[in-house]
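# Descriptive structure summary
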Amino acid sequence: MKERQHFVALDDYEHGIVIDSLNEKRNDLISEGKTTDAVDELIVKVGHAPKKKFKVIERDKRRDEAR
């Protein structure tokens, strides 16, 4: 079975916040003497994620709730 992938759209500011937050979590784990492998992998994934242009289509919420 193929693993599901999740995609998140971030602007440059949000991307920076995610990287900073992951780095803070990594520092907390280091100070607690715990392993940082999972956080390290996420930092690399987010840091090297390709940029892609796409269109965002906003829908009328009232119409979507009626469905």
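Scroll up for the structure.
Throughout, residues of each chain are indexed from 1 in the direction in which the sequence is written. Totals for whole chains, interfaces and linings use all residues, but because this is a predicted model, local features are given only for residues with pLDDT of at least 70 and pairs of side-chain atoms are given and counted only at 80 or more. Values reported for side chains reflect all heavy atoms of the structure, with hydrogen atoms and water molecules removed beforehand.

### Topic: helix α1 (residues 12-31)
How we decide: Here a helix means four or more residues in a row that DSSP labels H or I, a strand means two or more in a row labelled E, and each is numbered from the N terminus. Each helix should span, by expectation, one fewer than its residue count multiplied by 1.5 Å. By the criterion applied in these results, polar contacts are pairs of N or O atoms within 3.5 Å in which, for protein atoms, one can donate a hydrogen and the other can accept it, and in which residues neighboring in sequence qualify only through two side-chain atoms.
In this model, α1 (20 residues) spans 29 Å end to end at C-alpha, consistent with the 28 Å of a helix rising 1.5 Å per residue. Of the residues that open α1, the one with a side-chain oxygen 3.2 Å from the backbone nitrogen of tyrosine 13 is aspartate 11. Positive phi shows up at glycine 33, right after α1, with a value of about 75 degrees.

### With respect to the pattern of salt bridges
Test applied: Here a salt bridge means any side-chain nitrogen of Lys or Arg lying within 4 Å of a carboxyl oxygen belonging to Asp or Glu.
One pass over the structure, following the stated rule, counts three salt bridges. When the shortest N-O distance is used, the salt bridge between arginine 26 and aspartate 40 registers 2.5 Å. Taken together, the residues arginine 26 in helix α1 and aspartate 40 in helix α2 (residues 37-47) connect sequence positions 14 residues apart.

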